[in-house]
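Analysis of the macromolecular model
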Amino acid sequence: MPIATPEVYNEMLDRAKAGKFAYPAINVTSSQTLHAALRGFAEAESDGIIQISTGGAEFLGGQHSKDMVTGAVALAEFAHIVAKKYDVTVALHTDHCPKDKLDGYVRPLLAISEERVRAGQNPLFQSHMWDGSAETLADNLAIAQELLERARAAKIILEVEITPTGGEEDGVSHEINDSLYTTVDDAIRTAEALGLGEKGRYLLAASFGNVHGVYKPGNVVLRPELLKELADGVAAKFGKASPFDFVFHGGSGSTEQEIATALENGVVKMNIDTDTQYAFTRPVVDHIFRNYDGVLKVDGEVGSKKTYDPRTWGKLAEAGMAARVVEACANLRSTGTKIK
């Protein structure tokens with residue numbers, strides 16, 4: 001059972017919340033980065049989450065058609081096959097999807113899983129994200145209600161982002177300013193609209209200064225302690241302790257203390273993309289610099305097939321990214337927590 005069933009995915013999230021650890025959610029853009037993520041999880045003996053953004057899915061769909069649904073489905077089907085060789089359990093998730101891409105990405109993928117569930121199978125993906133942070137909160141939550149109902153029927157968990165994450169990812173950008181902090185009122189309005197589990201399970205990407213990408217110290221002010229304020233405010237109104245499963249967006253470049261505080265306050269999933277991109281590319285650049293005259297046919301020479309063979313530098317890239325995933329598992333306390 002390398003790809004989590006809906007029941008096992010729920011168990012994974014429950015275990016993380018109870019144990020105050022989180023799963024690294026690793027963005028992938030190819031079969032090779034998928035293997036790197038799986039290898040990292042296996043080496044850390046941690047279950048995890050594999051996710052595909054709209055841009056990643058478009059890339060996976062091939063530059064001829066750039067079809068997001070084709071790319072996402074193809075990688076998901078591939079993952080169902082190759083993940084069987086890794087002794088960990090992973091969930092498949094789609095990352096940020098804004099309003100203008102819902103009809104070309106999340107809604108068609110939901111339809112595929114709805115059909116699978118009607119046929120007695122498990123959904124293709126275990127969770128999908130709706131990023132309505134560019135919309136008004138009222139419009140954001142109205143769309144979230146529609147998607148949550150469909151997701152619940154397809155045995156899928158929905159992730160919602162109710163307020164902005166700074167920086168830019170796949171064409172969605174927000175300035176780094178005071179709007180990057182979710183308020184207790186925002187959280188209460190979310191609970192009123194989406195419920196607290198009775199209408200379907202959802203993950204909440206609340207903002208506490210999060211920014212996509214990596215910035216030099218001082219440019220980003222994270223306040224992970226804000227998550228406790230949000231949870232306590234909703235708990236006081238609705239009488240349910242620890243009401244949310246929080247997601248930490250923009251996790252690349254965060255300090256160990258920031259991560260630890262987030263874990264103590266209910267984070268069960270942390271997105272990591274920028275750091276793993278660099279970890280994948282860095283060994284390739286090193287290989288090319290060290291083997292310049294072999295990788296290129298310089299001054300009419302023939303080069304060295306062994307050095308420009310994609311398998312040569314590809315293995316280095318996979319190892320580099322896998323090592324960063326192992327590091328993420330350690331930071332998020334998921335090392336050694338895999339479901340037996």
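Treat the numbers as computed from the prediction; the structure is a model and nothing was measured. (Residues numbered from 1 in each chain as written. Predicted model: local features only at pLDDT ≥ 70, side-chain atom pairs only at ≥ 80, totals over all residues. Heavy atoms only, no water.)

**Some remarks on the packing of helix α2 (residues 31-44) against helix α4 (residues 68-82)**
- Interaxial distance between α2 and α4 falls to 11 Å at its minimum, and their mutual angle equals 40°. Between α2 and α4, the angle is such that the two are oblique. Judged by the sense of rotation from one axis to the other, the crossing of α2 with α4 is right-handed. Along its contact with α2, which presents Ser31, Leu34, His35 and Leu38, the element α4 presents Leu75, Phe78, Ala79 and Val82.
- Split by residue class, the contact of α2 with α4 holds 6 nonpolar, 2 polar and no charged. (Axes fitted to C-alpha atoms, helices over the stretch in contact; angles between N-to-C directions. Helix = DSSP H or I, 4+ residues; strand = E, 2+ residues; numbered from the N terminus. Parallel < 35°, antiparallel > 145°, perpendicular 65-115°, else oblique. Left-handed = near helix turned anticlockwise from the far one by under 90°. Contact = heavy atoms within 4.5 Å. Nonpolar A, V, L, I, M, F, W, Y, C, P; charged D, E, K, R; others polar.)

**Thoughts on a nonpolar patch on the surface**
- A contiguous nonpolar patch, built from Val285, Ile288 and Phe289 and spanning about 280 Å² of accessible area, is present on the exposed surface.
- Residue placement: Phe289 occurs in helix α10 (residues 274-290). (Patch = residues over 30% accessible without salt bridge, like charges linked within 9 Å, V, L, I, M, F, W, Y side chains within 5 Å. Areas by Shrake-Rupley, 256 points an atom, 1.4 Å probe, with all protein chains shown as cover. Salt bridge = Lys/Arg side-chain N within 4 Å of Asp/Glu carboxyl O.)

**As for helix α6 (residues 137-153)**
- The first and last C-alpha atoms of α6 sit 24 Å apart over 17 residues, in line with the 24 Å expected at 1.5 Å per residue.
- Of the residues making up α6, those classed as buried are Leu137, Asn140, Leu141, Ile143, Ala144, Leu147, Leu148 and Ala151. An end-on view of α6 places all buried positions within 160° of arc, on one side of the element. Opposite the buried face of α6, by more than 90 degrees, sit the exposed residues Glu149 and Ala153.
- Where α6 is buried, its residues contact α5 (106-118), β4 (127-131), β5 (157-161), α7 (184-194) and β8 (202-205).
- Just downstream of α6, Lys155 is the residue with a positive phi angle, here 60°. (Expected span 1.5 Å × (residues − 1). Buried < 20%, exposed > 50% of the residue type's maximum accessible area, 1.4 Å probe, protein only. Arc of directions from axis to C-beta.)

**Here's the deal with the pattern of salt bridges**
- Applying the stated criterion across every chain, the model contains 18 salt bridges.
- For Glu43, the salt bridge is made with Arg39, and the minimal N-O distance between the two is 3.0 Å. Taken as a pair, Glu43 and Arg39 lie in helix α2 at a separation of 4 residues, close to a single helical turn.
- Residue Glu43 is classed as partly exposed on the basis of its relative accessible area, which comes to 49%.
- Arg201 is the salt-bridge partner of Asp245, the closest N and O atoms lying 3.0 Å from each other. Linking Asp245 in strand β9 (residues 245-248) with Arg201 in the loop between α7 and β8, this pair joins segments that are 44 residues apart in sequence.
- We classify Asp245 as buried; its relative accessible area is 7%.
- Salt bridges sharing partners connect three or more residues here, namely Asp14, Lys17, Arg201 and Asp245.

**Some details on the side chain of His249**
- Tracing the chain through its elements places His249 in the loop between β9 and α9 (256-264).
- Engagement of the side chain of His249 in a polar contact is seen with the side chain of His96, the distance being 2.9 Å.
- Of the polar contacts made by the side chain of His249, one reaches the side chain of Glu159; its length is 2.6 Å. (Polar contact = N/O pair within 3.5 Å; in protein donor to acceptor, adjacent residues only side chain to side chain.)

**Concerning the sheet that holds strand β2 (residues 48-52)**
- Around the barrel, which closes on itself, the 8 strands sit in the order β1-β2-β3-β4-β5-β8-β9-β10 with parallel pairing between neighbours. Averaged over all neighbouring strand pairs, the angle between strand axes comes to 25°, with direction disregarded.
- With 5 bridges joining them, β4 and β5 adopt parallel strand pairing. Across the sheet, the residue bridging to Trp130 is Val160, located in β5.
- Those strands touched by helix α1 (residues 6-19) are β1 (23-27), β2, β3 (90-94), β4, β5, β8, β9 and β10 (267-272), and its axis lies near 125° from that of β1. (Pairing = 2+ DSSP bridges.)

**Brief notes about the confidence of the model for the protein chain**
- Scored by pLDDT, the protein chain has a mean of 93; 92% of the residues are at 70 or more.
- For the stretch residues 172-177, pLDDT sits under 50, and the model shows 17 contacts to residues farther than four places along the chain or on other chains. (pLDDT = per-residue confidence, 0-100.)

**A look at the packing of aromatic side chains**
- Under the criterion given, the structure shown has 4 aromatic pairs.
- Taking 5.4 Å as the distance between ring centres and 85° as the angle between the ring planes, the aromatic pair formed by Phe21 and Tyr23 counts as edge-to-face.
- Relative to Phe244, the ring of Tyr202 lies with its centre 6.5 Å away and its plane at 55°, an arrangement referred to as tilted. In this pair, Tyr202 is assigned in strand β8 and Phe244 in the loop between α8 (226-238) and β9, connecting sequence segments 42 residues apart.
- The buried category is assigned to Phe244, whose relative accessible area is 2%.
- Stacked on the ring of Phe238, the Lys or Arg Lys237 has its end atom at 6.0 Å from the ring centre. (Phe/Tyr/Trp six-rings, centres within 6.5 Å; stacked < 30°, edge-to-face > 60°. Lys NZ or Arg CZ within 6 Å of the ring centre and 35° of its normal.)

**With respect to the nonpolar core**
- Grouped together as the largest cluster of nonpolar side chains are 80 residues, with contacts concentrated most on Phe41, Tyr105, Val160, Phe244 and Phe246.
- Among residues more than four places away in sequence, those in contact with Val160 are Trp130, Ala144, Leu194, Tyr202, Leu203, Leu204 and Ala205.
- Formed by 17 residues, the second largest nonpolar core is a distinct cluster that contains Val8, Met12, Leu203 and Ala205. (Core = buried A, V, L, I, M, F, W, Y, C linked by side-chain atoms within 4.5 Å.)

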